[in-house]
Structure formats: C-alpha cells, structure tokens
Amino acid sequence: MTLPEGARERWVRTGGIELCVAELGDPGRPTVVLVHGYPDSKEVWSEVASRLVDHHGFHVVLYDVRGHGRSGVPKPLRGGFTLEKLTDDFLAVVDAVSPDRPVHLVGHDWGSVQSWEFVTVERTRGRIASFTSMSGPSLDHFGHWINKRLTRPTPRRVGQLLGQGAKSWYVYLLHTPVLPELAWRGPLGKRWPGILRRIEKVPAGDYPTPSLASDAAHGAWLYRDNVRPRLRRPRVDAHAHAPVQLITPSGDRFLSERLYDELEDWVPRLTRRTLPAGHWVPRTRPDRLASWIDDFVLSVEKERDGEAAGETRPGETREDGAGRPVRKAAATGRHAERFGGQLVLVTGAGSGIGRATAFAFAEAGARVIAVDRDAEGAARTAEMSLLVGAPEAWAEAVDVSDEQAMEKLAAKVHAEHGVVDVLVNNAGIGLSGSFFDTTPEDWRRVLDVNLWGVIHGCRLFGRQMAERGQGGHIVNIASAAAYQPSKALPAYSTSKAAVLMLSECLRAELADQDIGVTAICPGLVNTNITATATFVGVDAQEERRRQKRSTRVYGLRNYPPEKVADAILRAVALNKAMVPVTPEARGSYALSRFLPRALRALARVGPPL
Ligand code: NAD
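Residues numbered from 1 in each chain as written. Predicted model: local features only at pLDDT ≥ 70, side-chain atom pairs only at ≥ 80, totals over all residues. Heavy atoms only, no water.

Participant: Please explain the overall build of the protein as it appears in this structure.
Facilitator: What the protein contains, in helices and strands, is 22 helices and 19 strands. The globule rule puts the C-alpha radius of gyration for 609 residues at 25 Å, and the 27 Å found for the protein is close to it. Along the first, second and third principal axes, the C-alpha set of the protein runs to 90 × 55 × 50 Å. When each of the 609 residues of the protein is scored for burial, the buried share is 56%. A fraction of 76% describes how many contacts in the protein between residues 6 or more apart in sequence connect residues 24 or more apart. With the model as given, the accessible surface of the protein reaches about 26300 Å², and the carbon-plus-sulfur share is 54%. Of the charged side chains in the protein, 79 are positive and 71 negative; the average position of the first set lies 7 Å away from that of the second. (Helix = DSSP H or I, 4+ residues; strand = E, 2+ residues; numbered from the N terminus. Rg over C-alpha atoms; globule rule 2.2 N^0.38 Å. Buried < 20%, exposed > 50% of the residue type's maximum accessible area, 1.4 Å probe, protein only. Contact = heavy atoms within 4.5 Å. Areas by Shrake-Rupley, 256 points an atom, 1.4 Å probe, with all protein chains shown as cover. Lys, Arg positive; Asp, Glu negative; His and termini not counted. Charge placed at Lys NZ, Arg CZ, Asp CG, Glu CD.)

Here it is as structure tokens:
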C-alpha cells in the first residue's frame, strides 16, 4: 500500500538504527506526528494523514517504528524495543522534522501505548503540544488500574478485571517464545487481511502492507520487553505534561472502556471522545478521527498562541484540586463525548421535538443543520443552536415531501458540509378523523410528509452514509400511534406504522455497514402539533375548537419535547432499535405485545392518545 501522494520519505538515525520517516504538507504549519500500532506499519495512517493534509492543512509526519515497515531492526531483538528506546526514536524524529516547535502526537494501539510514555516522561517536556490517544492505554496507568482492583476488590472491580483479562488473551500468547513468530510468518500472516476485513470491517485494498509478517514477528518484542515489567512496577509519576484527547471506540475487542475510568487522575487536561467502531479506527473511521484531531490541535494551538501573547482567556482554563490547569472541553453537554463535532441534520427543526433535538445535539457540540418548511423557524433554531454550543449551524427551508427539493438539499449538504453523521427524520403533521371522512387528498398529504418525507431522507442521506463507508445513524420519529390502533387516527397511525416498519427493515439492511437506525415513538408531547393538526369531517369552526381542545389536553399532560430529544440522543448513543418515550407510550407498547386484545378494545373507545 502506498502512502498518500506527495509523501516525502527520509531516514532518521537513532541508537544505531535507521528509521523510515514520511512527511506530508507544509512544514511551516503545526506538525502532527502519527505513531502506528501492532501489527502495523506507518501506512495504517494513510487515510487519516491525507485528510489532515488536504482538508486541514497540517504538516503530517509518520514513521515506521523500529523493527517495522522499512525501518531498521534492533539486534538483538530482546531488549531492543523498550519504552526508553522507543522514546529515543520519537525524540530523534521530532528533532528532525520539527526542531523548533512542539508536535501534536497521535497514537493508535501500540503507537498510543508508547506515546503515553512519551507524554509522561520528563525528557520530552516541551516537545509535545498535545496527544490524541486511541485504543492503547499507558502501561503504567494500566498497572495501577489492576493493582487498585486487586488490592480493593469489589464485585464490580473484579468483573472489570475479568472482562479486560478475557480481552487480553493475545497478550499472553505473544509472551510465548517462537510460536507467535511462526504463526505470523505462516498461516496467520496470510489470513490476517481477510480477518481484518471480516471481523474489523477494514475496507479491502492494499492494506496491510507486505511487511505484515515481519512487522508482527518483530513487534511481539514490544510486548515481551515492556508489558510484564511495567505492569508489575508501574511508574508513580506517569502524569501527562500535555493536553490529551482520548478517543475510545465502544466496540473495541481488545480493550475495555473501563480501563480509562481513572484517567483524570493522570491527565490534568483531558478531552474524551467515544465512537461506535471496532479497534482499527484509523482504517474504518478516518473522517471522524481527522476531524477530532483537527479540532483538538487547533484548540491547543489557539490556547498556546494566547499564552504566548500573554492573554488570559476567561472560562477557557481553570485549575484542578492540585493547582494544575484544566482545559474546558469544547462542549460540555451530557453527550459531548459522543457527538462533539459530528454533522447532524434534523427535519422539522423549526418547532417542537425537532427544535429540542437540534438544541440537544448543539449542546453536545454537534454541527447542526436545521431543516423545516418554515424558513423562519429553521433560521431561529440554527441561531439558537449556535448559542447553546454548536460550533456551526445552518438553516435550510425545505419541504420534506418534495422529492426534488430533498435531492437538492442532499447534494448541497454533501458539497458544503460533507456526509451527515446523524440524520433525524422528524418533520410530521397530525391528521385526525374517521376513515370515511378522510379524503384521498388528506391521505396523500399525511403520507407525503410523514412517510415520503422519511423515505426521501433515508434514501438520500442514508445512501451518502453507506457510500462513505464510515458508519452513521438514522433516527425516524414514528409515534405510539405506530403500534396503537385508533378509530380516530387511521391515516396518521398508518403513516407512523409504515415509518416504524421502514425503520426496522432499514436497520436490518444497514447493520453490516455500521449504520444504526432507530424508530422513536413519543406519546403525548406538548408541542405545536395539536394547534396545526387537521381534523377532517368537521367545519372550520369545529376544527379550531378541536385543535384548541387537544392543545389543552396535551398542555395538561405537559410532557416536554426536551425529554424526547434526550431520549433520541441516548437511543443513538446506545444504538436502540425502537424507543417508546412517554410512560403512556411505553404502557401501550407493553399492551401491544402482551395484551393486544385490550389495545384493540381501547382503539374502539375514545379519542386517541
Ligand atoms: P410541531 O408541529 O411542533 O413541529 C413539526 C415541525 O415540522 C414544524 O416546524 C413544521 O413546520 C415542520 N414540518 C411539517 N411539515 C413539514 C414538511 N413537509 N417539510 C418540512 N418541515 C415540515 O410537531 P412535533 O410534535 O414536534 O412533531 C415532530 C414529530 O413528532 C412529528 O413527526 C410528529 O408526528 C411526531 N410525534 C409528535 C407527538 C406529539 O405528541 N407532539 C407524538 C408522537 C409523534
């Protein structure tokens, strides 16, 4: 596999070994150094590196760790891979590529394990401006994490130990002599690319490189030289001297998320990020990583510039208990770890549940696109989103039932902002009245908005997500009416039942592509929907009376749209298939499953929920 176009390779000599170092972009810009893991070579970063150069304009440096790729191999192997020697290598590389300015360090897997050493030892102080860690803990922190659980065991802590112990099976295997080398140079090396594709969903292509078998054989010494000694005697002074961004993939097969529970004790300036993905995120989620690295590097650079100019930025820094400065994370909303920096599009965002959802994502630091046929409402939502935490927000006046307008919207969003990470198909209208009073025109109107609007959204934005191949999430707002029949809501309920089934089918279809689909089923929520709902079979005066009456009932129930928004963010974070939200929605869902006859009887009785 080749490096991105324009990569300039050079050799850096350190400890009797030549390291192969590749540079991209303008050396005058902030330098980002990418350190690869096991079993890998620097090419694992090629997708991330090209984005950091092309989209974000950084000076990017990647190098083959000793014994890997095109770098030299230490002799003898035993003792040639200690963290001390790896730190020497790192310092030699940064001295060569960025002699005058500290670098922004990014590590994955073993690249992150060793980078933790770099950022916590004294001799690198001042050479590292920031560190982004993914899927590789500090061995010192890990050692303390284990000790704490062994010396003060509780059932939960023992469970955590056993959980991580089970995920570390390969570490024990790598400590056996010769066998790992034989396996990697034999069948495992041949099968590895297929395993990565099947289990880790790493896209097919010219990765991993042909050096895989020897990388893996040599890299076994990373474990043998370091793991046991460090876990037995972890350093007590392993505090980070630069801000750290921790990116945790929630589906990592090798590392438990719990490993990082006590990280604040070691890192005074920590920003946490989580993403639903497996271990090999540099290959499977390059867009998200590049965007988070960009945000983090720029925020640290800005802070450094401010410090250099002697500015104090109110609110930007505070001190922890030990008097160390703590940097405020970009967004502090409850879901900021998961949604910060993501692109979220919400339809029907000019009012009610849509507006509250746009705000909730904004509070989590997402970039928000508020779509509504009511231009003013959408614009207001976008403005307010900026105030509550969105780094960027836009408004689009579009009718979701208009196929061509939706196509134009999808093309525009793609061209101007990229692929949407979370799509919320929320726009919907109410329509109440008996089946025989509902005209074909009424049916068309309600199905056009409530069903076709959702279909257009899923088709257009869902396809972009699928083509990008880096996951995503679609939320469709159905209703408790989707599973709760009512003689007064035939058209509305039919549209919502269709949305629910569409969501289930799509969820099954897109699961393999890591695109989650969720149907949300609110009950009675206090929004504008009752005031704008159509009541068929009655004159205008009676319609107004019914609108007012239902508005009063919903007002008395007074379930706020913000709670639905919260349920939506939680459902996306947990990738839930279907969420009935209000207590009455949950109750009728239980009835629909366990006592459907009771629900049918209710359908004949009174006005709908
Ligand atoms: P709302 O009337 O407060 O907001 C709906 C928004 O959608 C409005 O801003 C409206 O302008 C917009 N909209 C309507 N048709 C549109 C179209 N064709 N194109 C673009 N935008 C359009 O209502 P709400 O209660 O927030 O409803 C949001 C969703 O929640 C709807 O799908 C609704 O069916 C569903 N829902 C609401 C309740 C409830 O009790 N409020 C219950 C269950 C489901």
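Participant: Would you mind going over the nonpolar core with me for this structure?
Facilitator: Buried together is how nonpolar side chains tend to be arranged in soluble globular proteins. Among the nonpolar cores identified, the biggest contains 87 residues, and Tyr63 and Phe90 are the most heavily contacted of them. Considering each element in turn, this core owes the most residues, eight residues, to helix H2 (residues 83–97). Ignoring any residue separated from it by four or fewer positions in sequence, one finds Phe90 in contact with Val33, Tyr63, Val103, Leu105, Phe118, Thr124 and Ile128. Counting 42 residues, the second largest nonpolar core, distinct from the first, contains Val454, Ile515, Ala519 and Cys521. (Core = buried A, V, L, I, M, F, W, Y, C linked by side-chain atoms within 4.5 Å.)

Participant: Would you explain the packing of aromatic side chains in this entry?
Facilitator: We describe a pair of aromatic rings using the distance from one ring centre to the other and the angle between the two ring planes. Throughout the structure, instances matching the rule amount to 16 aromatic pairs. Residues Trp116 and Phe131 carry aromatic rings whose centres are separated by 5.1 Å and whose planes lie at 85 degrees to one another, so their mutual orientation is edge-to-face. Here Trp116, found in helix H3 (residues 110–120), pairs with Phe131, found in strand S6 (residues 128–134); they are 15 residues apart in sequence, far enough to count as distant. Judged by relative accessible area, which is 0%, Phe131 ranks as buried. Note on Trp192 and Trp280: the rings are 5.9 Å apart at their centroids and 70 degrees apart in plane angle, and the pair reads as edge-to-face. Of this pair, Trp192 sits in helix H8 (residues 187–200) while Trp280 sits in the loop between strand S8 (270–275) and helix H10 (281–284), and the two are 88 residues apart along the sequence. Assessed through its relative accessible area of 3%, Trp280 is described here as buried. Cluster of aromatic residues (ring-pair linked, three or more members): Tyr38, Trp110, Trp169, Tyr170, Trp184, Trp192, Tyr223, Phe254 and Trp280. Above the ring of Trp221, the side-chain terminus of Arg224 is found at 4.7 Å from the ring centroid. (Phe/Tyr/Trp six-rings, centres within 6.5 Å; stacked < 30°, edge-to-face > 60°. Lys NZ or Arg CZ within 6 Å of the ring centre and 35° of its normal.)

Participant: So what exactly am I meant to see when it comes to the domain arrangement of the protein here?
Facilitator: Partitioning the protein into structural domains gives domain 1 (8–179 + 214–304) and domain 2 (332–527 + 561–602). In this structure, domain 1 and domain 2 have C-alpha centres spaced 39 Å apart. Between domain 1 and domain 2 lies a buried interface of about 980 Å² when both sides are counted; carbon and sulfur atoms form 35% of it. When the buried area of domain 1 at its contact with domain 2 is split by residue, Thr274, Arg285 and Arg288 rank highest and sum to 45% of it. Across the pair Arg285 and Asp514 runs a salt bridge, and its minimum N-O distance is 2.9 Å. Along the contact surface separating domain 1 from domain 2 lie seven residue pairs in polar contact (both at pLDDT 80 or more). Mapped onto the side of domain 1 that touches domain 2, the elements with two or more residues apiece are S8 and helix H11 (286–308). Tallying contributions element by element places H11 first for the side of domain 1 that touches domain 2, with six residues. (Domains from an automatic or database assignment. Buried area = accessible area lost by both parts, 1.4 Å probe. Salt bridge = Lys/Arg side-chain N within 4 Å of Asp/Glu carboxyl O. Polar contact = N/O pair within 3.5 Å; in protein donor to acceptor, adjacent residues only side chain to side chain.)

Participant: Would you take a moment to explain the sheet that holds S8 for this structure?
Facilitator: Each strand in a sheet pairs with its neighbour through backbone hydrogen bonds, running either in the same direction (parallel) or in the opposite one (antiparallel). Taken in spatial order, the eight strands of this open sheet run S1-S2-S4-S3-S5-S6-S7-S8, and their pairing is mixed. One side of each edge strand has no neighbouring strand; the edge strands of this open sheet are strand S1 (8–14) and S8. When the angles between neighbouring strand axes are averaged without regard to direction, this sheet yields 20 degrees. Sheet strands in contact with helix H1 (residues 46–54) are strand S2 (17–24), strand S3 (31–35) and strand S4 (59–63), and its direction is about 160 degrees off that of S4. Where H11 meets the sheet, its contacts fall on S3, strand S5 (103–108), S6, strand S7 (244–249) and S8, and the angle it forms with S6 comes to roughly 155 degrees. (Pairing = 2+ DSSP bridges. Axes fitted to C-alpha atoms, helices over the stretch in contact; angles between N-to-C directions.)

Participant: Would you mind showing me how to read the pairing of strand S16 (residues 472–477) here?
Facilitator: Two faces belong to every sheet, and in a regular strand the side chains alternate between them. Counted residue by residue, S16 has six buried out of six residues, so it is predominantly covered. Side chains Gly472, Ile474 and Asn476 of S16 all project onto a buried face; the interleaved residues His473, Val475 and Ile477 project onto the opposite face, where all are buried too. Each parallel crossover has a hand, and the one from S16 via helix H17 (residues 490–510) to strand S17 (residues 515–521) is right-handed. (Right-handed = clockwise from strand over helix to strand, strands pointing away.)

Participant: Even after reading the chapter, I still don't get a nonpolar patch on the surface, so can you show me in this structure?
Facilitator: A contiguous nonpolar surface patch, about 370 Å² in accessible area, is contributed by Trp169, Tyr172 and Leu173. A residue is classified by how much of its surface remains accessible, and Trp169, at 47% relative accessible area, is partly exposed. (Patch = residues over 30% accessible without salt bridge, like charges linked within 9 Å, V, L, I, M, F, W, Y side chains within 5 Å.)

Participant: Even after reading the chapter, I still don't get the pairing of strand S12 (residues 367–372), so can you show me in this structure?
Facilitator: Across the six residues that make up S12, a large majority, six, are buried. On S12, burial covers both faces: Arg367, Ile369 and Val371 on one face and Val368, Ala370 and Asp372 on the other are all buried. Looking at chain direction, strand S11 (residues 343–347) and S12 are connected through five bridges and run parallel. Paired with Val346 across the two strands is Ala370, which belongs to S12. Read from S11 through helix H13 (residues 352–363) to S12, the crossover connection turns out right-handed. Two elements, S12 and strand S13 (residues 393–397), share five bridges in a ladder whose sense is parallel. Among the inter-strand pairings, Asp372 is bridged to a residue of S13, identified as Ala397. In this view, the connection linking S12 to its parallel neighbour S13 by way of helix H14 (residues 375–388) has right-handed handedness.

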